[in-house]
Amino acid sequence: MDIKKEVGERLKRSRKDAHYTQAQVAEMLLMTQQQYSRFENGIYELNYSQIIFLCKLYDISADYLFDLEIF
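Residue positions are given per chain, counting from 1 as you read along its sequence in written order. Reporting of local features is limited, given that this is a predicted model, to residues whose pLDDT is at least 70; pairs of side-chain atoms are given and counted only at 80 or more, and all residues count toward the totals for whole chains, interfaces and linings. Computation of side-chain values: all heavy atoms of the structure, hydrogens and water removed.

Engineer: Account for helix H4 (residues 48–58), with residues named and values stated.
Structural biologist: Exposed residues in this analysis have more than 50% of their type's maximum accessible area, buried residues have under 20%, and partly exposed residues fall in between, with area computed by a 1.4 Å probe over protein chains only. Only DSSP runs of H or I reaching four residues or more are called helices, and only runs of E reaching two or more are called strands; each is numbered from the N terminus. Of the positions making up H4, those classed as buried are Gln50, Ile51, Leu54, Cys55, Leu57 and Tyr58. Each buried residue of H4 sits inside an arc of 165° when the element is viewed along its axis, so together they form one side. What points out from H4, more than 90 degrees from its buried face, is the exposed set Tyr48, Ser49 and Lys56. Elements in contact with the buried residues of H4: helix H1 (3–17), helix H2 (22–28), helix H3 (33–40) and helix H5 (62–65). Phi turns positive one or two residues past the end of H4, at Asp59, with a value near 55°. Directions drawn from the helix axis to the C-beta atoms are what define this arc. What makes two residues a contact is simply this: any of their non-hydrogen atoms within 4.5 Å.

Given below as structure tokens:
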């Protein structure tokens, strides 16, 4: 599977677990809901500041977001 799609699926799951809508998160990121949905659909890639913001917002680690394991 494509890493952008995998990250998007984890973003979507985390957003729903945190009880946010796409529109609410998009507003916090100063973008439209349509733009944010492209992250969850694996079309756009997140930048560093967006990754940090979403990890803090959803209370998740970047390791979880990118499915990284400690060896």
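Read on for the rest.
Engineer: Summarise the packing of aromatic side chains; cite the residues concerned and give the values.
Structural biologist: The rule is short: rings of Phe, Tyr and Trp, with Trp giving its six-membered ring, pair when the centres are within 6.5 Å, and they are stacked under 30 degrees, edge-to-face over 60, tilted in between. On inspection of all chains with the given rule, the structure shows three aromatic pairs. With a centroid separation of 6.5 Å and 50° between ring planes, the pair formed by Tyr20 and Tyr58 is classed as tilted. One end of the pair, Tyr20, is in the loop between H1 and H2; the other, Tyr58, is in helix H4, with 38 residues separating them in the sequence. In this structure Tyr20 comes out as partly exposed when scored by relative accessible area, which is 26%. Considering the side-chain rings of Tyr36 and Phe39, the 6.1 Å spacing of their centres and the 65° angle between planes classify their relative orientation as edge-to-face. Here Phe39 and Tyr36 lie together in helix H3, a separation of three residues that amounts to about one turn. Classification of Phe39 as buried rests on a relative accessible area of 6%. Each residue in the set Tyr36, Phe39 and Tyr44 is aromatic and connected to the rest through ring pairs, giving one cluster.

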